[in-house]
Amino acid sequence: MRWQTVALVALLGAAGVLGCDVPLRHYKTLGCNPIGKLSSGCPERYECPSITAHDNEKCYFNGKTYKIGDTLPGDQVAQFCQASCFCAAEKPFAKFICAQIDCPEFFRRFDHEHCMRTYKKGSCCSDGSVCGAERDNLAQCKVENEIYKEGQRFSIDKTCQSCICTADFDANVTDKNPNCYETTCGFELYSGRKVYGGGVPVYYKEERCCPSQWRLPKESDKVIQGSSAVSNDPNLQCKYGKLTLNVGDKLEIQQEDEEYQKTSCTCSVPPLLHCIQD
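As a convention, each chain's residues are numbered from 1 in the sequence order in which they are written. Where totals are concerned, whole chains, interfaces and linings use all residues; where local detail is concerned, this predicted model gives features only for residues with pLDDT of at least 70, and gives and counts side-chain atom pairs only at 80 or more. As a convention, hydrogens and water are excluded, and side-chain values are obtained from all of the structure's heavy atoms.

Per an unreviewed UniProt entry, the protein chain goes by AGAP011183-PA-like protein and derives from Anopheles sinensis.

Now the structure itself:
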């Protein structure tokens, strides 16, 4: 399920680091620590214990570590339509097993022309609907030149937030608005094998709050050397499968890899490459 986007990406907010034009949201989700700072405003690199010191007998989510049998708080996974998530032993990595939430609206026809569903903060399912004149008389929220009605759910890409329109909604202070909350990336619930198996994040060009997927190394991948000086410091390099890339190097993706033909992968802020898909 994808919520309506209210604006094109503003890279400063999506990156999560003021002045940095590199999507870094995956590092924040993984609980990585920024080290140093470049003139571009980006960190020089990140330290990511969940990757470099990964414990295969533990699960990781949103910067925290969970032992086998531990459960995730329900309010942290409800937005992904998941419930009762617990850390389970599995090979090669422990992973979360969750119950899928099937909302009633998934199975019913809905009159979108005359009605709208309403939501509460952090929920997966709607808590009701409003139709006709009652809908037309609801309070409105104007955000980024878009109009939303009371109870509607929307996202703000430039600040990576999800919000619920309310009668007292203040569009000028969304960063401290009690009806908004920071968008959480759920890739640790779904893509643990790729995340911790050597994969790198792939962002859509115009949606950089969370990676759309993770790409694993392929034998056909090659390095395109950039203009930056070669570094002998492994902390300032990106490791990707059998390849080592210096900052500024890109990945050459073979044409037969149709899924990623329009994807550019670069080593910008180690230890991970990041990819942008058109």
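Next comes the rest of the write-up.
Throughout, disulfides are identified as pairs of cysteine sulfur atoms within 2.5 Å of each other. Across all of its chains, the model carries 13 disulfides by this definition. Two residues share a disulfide in this structure: Cys-59 and Cys-87, whose sulfurs sit 2.1 Å from each other. Residues Cys-59 and Cys-87 share a disulfide whose torsion about the S-S bond is about 85 degrees; that sign makes it right-handed. Of this pair, Cys-59 sits in strand E3 (residues 58–61) while Cys-87 sits in strand E5 (residues 82–88), placing them 28 residues apart in sequence. For the residue pair Cys-59 and Cys-87, the accessibility class agrees, reading buried in each case. Helix and strand assignments come from DSSP, with helices taken as H or I runs of at least 4 residues and strands as E runs of at least 2, each series counted from the N terminus. Burial status follows relative accessibility: with a 1.4 Å probe on protein chains alone, a residue under 20% of its type maximum counts as buried, one over 50% as exposed, and anything between as partly exposed.

Relative to the helices and strands, Ser-268 resides in the loop between strand E20 (263–266) and strand E21 (274–277). Here, two residues are considered to be in contact whenever any of their heavy atoms come within 4.5 Å of each other. Apart from the residues lying within four places of it in its own chain, the contact partners of Ser-268 are Val-22, Val-247 and His-274.

All right, on to the nonpolar core then. Counting residues in hydrophobic clusters, the biggest one holds 18 residues, and the most contacted among them are Leu-24, Tyr-27, Leu-30, Tyr-46 and Val-269. Residue ranges for the domains trace back to a domain assignment, done automatically or taken from a database. The two domains that each donate at least three residues to this core are domain 1 (24–100) and domain 3 (200–277). Non-local contacts of Val-269, meaning those with residues more than four positions away in its chain, are made with Val-22, Leu-24, Tyr-27, Cys-42, Pro-43, Glu-44, Arg-45 and Tyr-46. Throughout, nonpolar core names a set of buried Ala, Val, Leu, Ile, Met, Phe, Trp, Tyr and Cys residues whose side chains join them through atoms within 4.5 Å. Cys-238, Tyr-240, Leu-251 and Leu-273 belong to the second-largest nonpolar core, a separate cluster that totals 13 residues.

This brings us to the packing of aromatic side chains. Any Phe, Tyr or Trp ring, taking Trp's six-membered ring, that has another such ring centre within 6.5 Å forms a pair; planes under 30 degrees apart are called stacked, those over 60 apart edge-to-face, and the others tilted. Evaluated as defined, the whole model comprises nine aromatic pairs. Arranged with centres 4.3 Å apart and planes meeting at 15 degrees, the rings of Tyr-148 and Phe-154 form a pair that is stacked. Both residues of the pair, Tyr-148 and Phe-154, count as buried. Seen from their ring centres, Phe-187 and Trp-214 are 5.0 Å apart, and the 55 degrees between their planes marks the pair as tilted. Here Phe-187, found in helix H6 (residues 187–190), pairs with Trp-214, found in strand E15 (residues 213–215); they are 27 residues apart in sequence, far enough to count as distant. Taken together, the aromatic side chains of Phe-61, Tyr-66 and Phe-96 make up a single cluster linked through ring pairs. Our definition puts a charge over a ring when NZ of Lys or CZ of Arg is within 6 Å of the ring centre and also within 35 degrees of the ring normal. Here Arg-117 stacks its cationic end above the ring of Phe-110, 4.1 Å away from the centre of that ring.

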